[in-house]
Amino acid sequence: MKKLILLLSLSLISCNKNIEKYEQKKLADTLRVIDSINAARTVYNDSVRALNSQNRYRDLTGRHRFTHSEIPASGTVHFIKNGRDQYKVSGKASSGNDFVEINGDLKVVTMQYLNFEGVIKQKINGTAFRRTSKTSFKDEKKGPYWRLQNKKGGEGFVEYIDIHF
């Protein structure tokens, strides 16, 4: 009887070791499969991310001429890409004490319309004016530029602020 109990306990111990080895192998196999799935998903997600970062329209990154109808000299505005068809813009045009500055974010909706959100500050003939509402620049097909659609200035007169392409 003692021999039988001893034999059974030894077989249980050896079975437990085999079960542990089996469970460890099964876990290792499962982890290997999960790692290969994650690697495939990473490759797929990277390709989707690359496609989603490509512009739908031409890349506007760089310097563009920036003009105001009341300022004889032109300035520059810098476009820095920060998303799909989205840019951080900043620039200035000045002559003497008169100036116009632009800072904000611009999104290309179509090649005809650029939506702008930010600040356009200007000082013309001693009168300061600040535009902070969302607005658009539009290619009105009158020249190689996008024209600010919020054209009324601080004194109520029409002003043309243009970003040239």
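Notes on the structure follow. Here the structure is a predicted model, which is why all the values come from computation and not from measurement.

### Some details on the overall build of the chain
Then, number 1: Along the chain, the regular secondary structure elements total one helix and nine strands.
Then, number 2: Reading the secondary structure of the chain in the N-to-C direction produces α-β-β-β-β-β-β-β-β-β.
Then, number 3: The buried share of the chain, reckoned over its 165 residues, is 27%.
Then, number 4: By sequence separation, contacts in the chain at least 24 residues apart represent 36% of the contacts at least 6 residues apart.
Then, number 5: Counting every atom, the chain has about 11,100 Å² of accessible surface; 56% of that belongs to carbon and sulfur.

### Things to note about the environment of Ile163
Then, number 1: Inspection of the secondary structure assignment puts Ile163 in strand S9 (residues 161-164).
Then, number 2: Between the alpha carbons of Ile163 and Thr76 there is a distance of 8.5 Å; along the sequence they are 87 residues apart.
Then, number 3: Ignoring any residue separated from it by four or fewer positions in sequence, one finds Ile163 in contact with His64, Arg65, Phe66, Val77, Phe79, Ile102, Phe137, Tyr145 and Trp146.

### Considering the side chain of His64
Then, number 1: Tracing the sequence through the fold places His64 in strand S1 (residues 62-68).
Then, number 2: Look at His64 and you get buried, because its relative accessible area is 11%.
Then, number 3: Within the structure, His64 has its side chain in polar contact with the backbone oxygen of Leu60 (distance 2.7 Å).
Then, number 4: Those residues within four positions of His64 in sequence are excluded, and the remaining contacts are Gly75, Thr76, Val77, Phe79, Ile163, His164 and Phe165.

### Re the packing of aromatic side chains
Then, number 1: Here the structure, examined in full by the defined rule, presents three aromatic pairs.
Then, number 2: Between Phe116 and Phe137, the ring centres sit 6.1 Å apart and the planes meet at 85°, which makes this aromatic pair edge-to-face. Of this pair, Phe116 sits in strand S5 (residues 113-124) while Phe137 is found in strand S7 (residues 135-138), placing the two residues 21 residues apart along the sequence. Across this residue pair, the class does not change: Phe116 and Phe137 are buried.
Then, number 3: Taking NZ or CZ as reference, Lys92 lies 5.2 Å from the ring centre of Phe99, over its face.

### What about the pattern of salt bridges?
Then, number 1: Summed over all chains, the structure comprises 11 salt bridges.
Then, number 2: Between Arg131 and Glu159 there is a salt bridge, with the nearest N and O atoms lying 3.3 Å from each other. With Arg131 in strand S6 (residues 127-131) and Glu159 in the loop between strand S8 (145-148) and S9, the pair connects residues that are 28 residues apart, well separated along the chain.
Then, number 3: In this structure Glu159 comes out as buried when scored by relative accessible area, which is 10%.

### Observations regarding a nonpolar patch on the surface
Then, number 1: There is a patch of nonpolar side chains on the surface, built from Leu27, Leu31 and Ile34 and spanning about 270 Å² of accessible area.
Then, number 2: As for its position among the elements, Leu27 is in helix H1 (residues 2-53).

### Describing the side chain of His164
Then, number 1: By secondary structure assignment, the location of His164 is in strand S9.
Then, number 2: Relative accessible area serves as the criterion here: at 12%, His164 is assigned to the buried category.
Then, number 3: Non-local contacts of His164, meaning those with residues more than four positions away in its chain, are made with His64, Arg65, Thr67, Pro144 and Tyr145.

### Structural notes on the nonpolar core
Then, number 1: Core analysis: the biggest nonpolar cluster contains 21 residues, and Phe66, Phe79, Val89, Ile102, Ile120, Phe137 and Ile163 have the highest contact counts within it.
Then, number 2: Elements with a minimum of two residues in this core: strand S2 (71-83), strand S3 (86-95), strand S4 (98-108), S5, S8 and S9.
Then, number 3: Residues within four places of Phe66 in sequence aside, it is in contact with Ser74, Gly75, Thr76, Val77, Lys92, Ala93, Val100, Ile102, Ile161, Asp162 and Ile163.

Parameters and conventions
Residues numbered from 1 in each chain as written. Predicted model: local features only at pLDDT ≥ 70, side-chain atom pairs only at ≥ 80, totals over all residues. Heavy atoms only, no water. Helix = DSSP H or I, 4+ residues; strand = E, 2+ residues; numbered from the N terminus. Buried < 20%, exposed > 50% of the residue type's maximum accessible area, 1.4 Å probe, protein only. Contact = heavy atoms within 4.5 Å. Areas by Shrake-Rupley, 256 points an atom, 1.4 Å probe, with all protein chains shown as cover. Polar contact = N/O pair within 3.5 Å; in protein donor to acceptor, adjacent residues only side chain to side chain. Phe/Tyr/Trp six-rings, centres within 6.5 Å; stacked < 30°, edge-to-face > 60°. Lys NZ or Arg CZ within 6 Å of the ring centre and 35° of its normal. Salt bridge = Lys/Arg side-chain N within 4 Å of Asp/Glu carboxyl O. Patch = residues over 30% accessible without salt bridge, like charges linked within 9 Å, V, L, I, M, F, W, Y side chains within 5 Å. Core = buried A, V, L, I, M, F, W, Y, C linked by side-chain atoms within 4.5 Å.

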